[in-house]
Amino acid sequence: MKLIRPYAEDDPRPIFPNRVHFIVSMEMTRHDVKNYLKKIYNVDTIAVRTEIRMGKTKEVGKERMVTKEDDYKIAYVTLPEGQDFTFPDIYPKDKVDSKVEDEKKQMENMKTGLKRVKDVTKMKPDLPGWFT
């Protein structure tokens, strides 16, 4: 089972806190999903609906061959009224900010290195750039 976000973040449709969406195996029935959540995660469910979605088709190559992605099944799980589900924050803001700062520092180092190479090759216009 793979937990998925119900809609895009800028989608105007309301997100209900007691509904959860999962991508499940094609062989799992709604009763299997309900029993799985109860036994493994100790989560009570009111209702489970399943839907099979077709995979996307694409035309690939010069011959325009048609390829198709695998079909998948989505389980819509409704939790009891008092039980809410918040989508886990996989990428906390502080970790993302520190990674952005590290990438900015790397970019500055690369820019200074490129400027140094360009300055060296200005003095020797007949030599290729890799021969410094």
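Residues numbered from 1 in each chain as written. Predicted model: local features only at pLDDT ≥ 70, side-chain atom pairs only at ≥ 80, totals over all residues. Heavy atoms only, no water.

S.K.: Tell me what's going on with the nonpolar core, and back it up with residues and numbers.
M.R.: Val-20, Phe-22, Val-24, Met-28, Val-33, Leu-37, Val-48, Ala-75, Val-77 and Leu-79 together form the largest nonpolar core, which totals ten residues. Secondary structure elements with two or more residues in this core: strand S2 (19-24), helix H1 (30-41) and strand S6 (72-78). Here this core gets three residues from one element, more than from any other, and that element is S2. Contacts of Leu-37, omitting those with residues within four sequence positions, involve Met-1, Phe-22, Asn-42, Val-43, Thr-45 and Val-77. (Core = buried A, V, L, I, M, F, W, Y, C linked by side-chain atoms within 4.5 Å. Buried < 20%, exposed > 50% of the residue type's maximum accessible area, 1.4 Å probe, protein only. Helix = DSSP H or I, 4+ residues; strand = E, 2+ residues; numbered from the N terminus. Contact = heavy atoms within 4.5 Å.)

S.K.: Any details on unusual backbone geometry? Residues and values, ideally.
M.R.: Even without being a glycine, Asn-42 presents a positive backbone phi close to 55°. Note that Asn-42 resides in the loop between H1 and strand S3 (47-53). Among the residues examined, Asn-42 registers a relative accessible area of 57% and is labelled exposed. Phi is positive for Arg-64, which is not a glycine, with a value near 60°. Structurally, Arg-64 can be placed in the loop between strand S4 (57-60) and strand S5 (65-68).

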